[in-house]
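# Structure at a glance
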Amino acid sequence: MKIMTCPLNGPRPITEFACGGPIKERPADDAGGARWAEYVFIEDNAAGIVLEWWYHVPTAFWFVAERDTRTDTVIRSMTVAAWKERGGRP
Amino acid sequence: MPVAPAPLRFAVGLVPTGAHDTGAPTSLRDRSLEPRAGVKGPGAPAFLAAHGIVTDGIANRAARHPAGGLVAMLSGTEVLILGAAAAPFADYGSGAPLAPGVYPVPRFGGTYWFSLAGPGAPALLATLCGVDLRPHRFADLAIAQTMIARVSAVIVRDDADGLGFHIVGDITLAPYVADALRKAEGP
């Protein structure tokens, strides 16, 4: 069983989580349709270490995880507040 | 006793409602007709304190209330109250804010409440849940907001009357969870 550590609930089976995708820079409100379409629909699919939104389904708790997509290894997870303290950037 | 909403009546009776069988390795009991309530929001701790329920703000920990029952902290600002201590909050079903930043969670009509007791309870739950609920790993009054048989549930260990667990989840899943627990109990 693959285990992921939730900042609120601790180690849990990966089946309790849903991935919200990589954290991306949000466009300005007036950035235009093409830029917003890219933001919403296009993923970089980067091979390397990425920051992602993750969701613990039973508690409806969103948090941030750092994951190496090459090995599918979660390096660390943190609350949104902790992520913002680190600068809050993708 | 408050009048049970229709969905609750539908779910009640899936498992026995009487006292636990203390001689059995596991004993499953339906407590869905007993009081329970939920309160959440940034103002919830102060609101509850004004009503005699003082919380420590530590998520996933429960405390026994002098009036009976448990006060379970699901997060720093959300509380699930099980048993007699929930009775004063039983009318909070309208969904309207109770105070600025304080919102009711319709636990009585919206959730089932089973309790599972006995020395075999951790082994039974291990067949349905990925969290290690063995007594030396999951302390008395610990909470796991997790999944049982692949559906969400809140599990609270409560050893007030011997090793036992409260299981609370969405009322519409009560028949499924009851069936899964009964099958896990075996013949």
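This text goes with the structure placed above it.
Residues numbered from 1 in each chain as written. Chains lettered and ligands numbered in written order. Predicted model: local features only at pLDDT ≥ 70, side-chain atom pairs only at ≥ 80, totals over all residues.

Residues and elements named next belong to chain A. Two strands pair when backbone bridges link them, and strand β4 (residues 49-56) and strand β5 (residues 61-68) are joined in this way by 8 bridges, in the antiparallel orientation. Its bridge partner lying in β5, tryptophan 54 is registered against phenylalanine 63. Taking the residues between adjacent antiparallel strands as the criterion, β4 and β5 are bridged by 4 residues, where alanine 60 takes a positive phi near 55 degrees. Relative to strand β6 (residues 73-78), β5 is paired through 5 bridges, and the arrangement is antiparallel. (Pairing = 2+ DSSP bridges. Helix = DSSP H or I, 4+ residues; strand = E, 2+ residues; numbered from the N terminus.)

The nonpolar side chains of soluble globular proteins are, as a tendency, buried together. Counting residues in hydrophobic clusters, the biggest one holds 50 residues, and the most contacted among them are Ala72, Val79, Ile81, Leu116 and Ile155 of chain B. Excluding residues within four positions of it along the chain, alanine 72 of chain B makes contact with Ala62, Val79, Leu80, Leu82, Ile143 and Val156 of chain B. Counting 9 residues, the second-largest nonpolar core is a separate cluster that includes Cys6, Phe17, Trp54 and Trp83 of chain A. (Core = buried A, V, L, I, M, F, W, Y, C linked by C-beta atoms within 7 Å. Buried ≥ 20, exposed ≤ 12 C-beta atoms within 10 Å, placed from the backbone. Contact = placed C-beta atoms within 7 Å.)

Between chain B and chain A, the contact holds 8 residues from the first and 10 residues from the second. For the side of chain B that touches chain A, the element with the highest residue contribution is strand β8 (residues 143-148) of chain B, accounting for 3 residues. Partitioning the side of chain B that touches chain A into residue classes produces 3 nonpolar, 5 polar and no charged. (Nonpolar A, V, L, I, M, F, W, Y, C, P; charged D, E, K, R; others polar.)

This part covers helix α5 (residues 174-185) of chain B. All names here are of chain B. In a regular helix each residue adds 1.5 Å, so 12 residues correspond to 16 Å; α5 covers 16 Å between its end C-alpha atoms and thus fits that length. Considered for burial, the residues of α5 that qualify are Ala174, Val177 and Leu181. Along α5, the residues classed as buried sweep out an arc of 70 degrees about the axis, all on the same side. Within two residues after α5, glycine 186 carries a phi angle of roughly 85 degrees, on the positive side. (Expected span 1.5 Å × (residues − 1). Arc of directions from axis to C-beta.)

Here we take up the sheet that holds strand β4 (residues 70-75) of chain B. All names here are of chain B. In space, the 5 strands of this open sheet follow the order β3-β4-β5-β2-β6, with antiparallel pairing throughout. Each of the sheet's edge strands pairs with one partner strand only, and the pair in question is β3 (61-64) and β6 (103-105). Here the average twist between neighbouring strands, direction ignored, is 20 degrees. Relative to strand β5 (residues 78-82), strand β2 (residues 36-40) runs antiparallel, the two sharing 5 bridges. Directly across from glycine 38, in β5, lies its bridge partner leucine 80. (Axes fitted to C-alpha atoms, helices over the stretch in contact; angles between N-to-C directions.)

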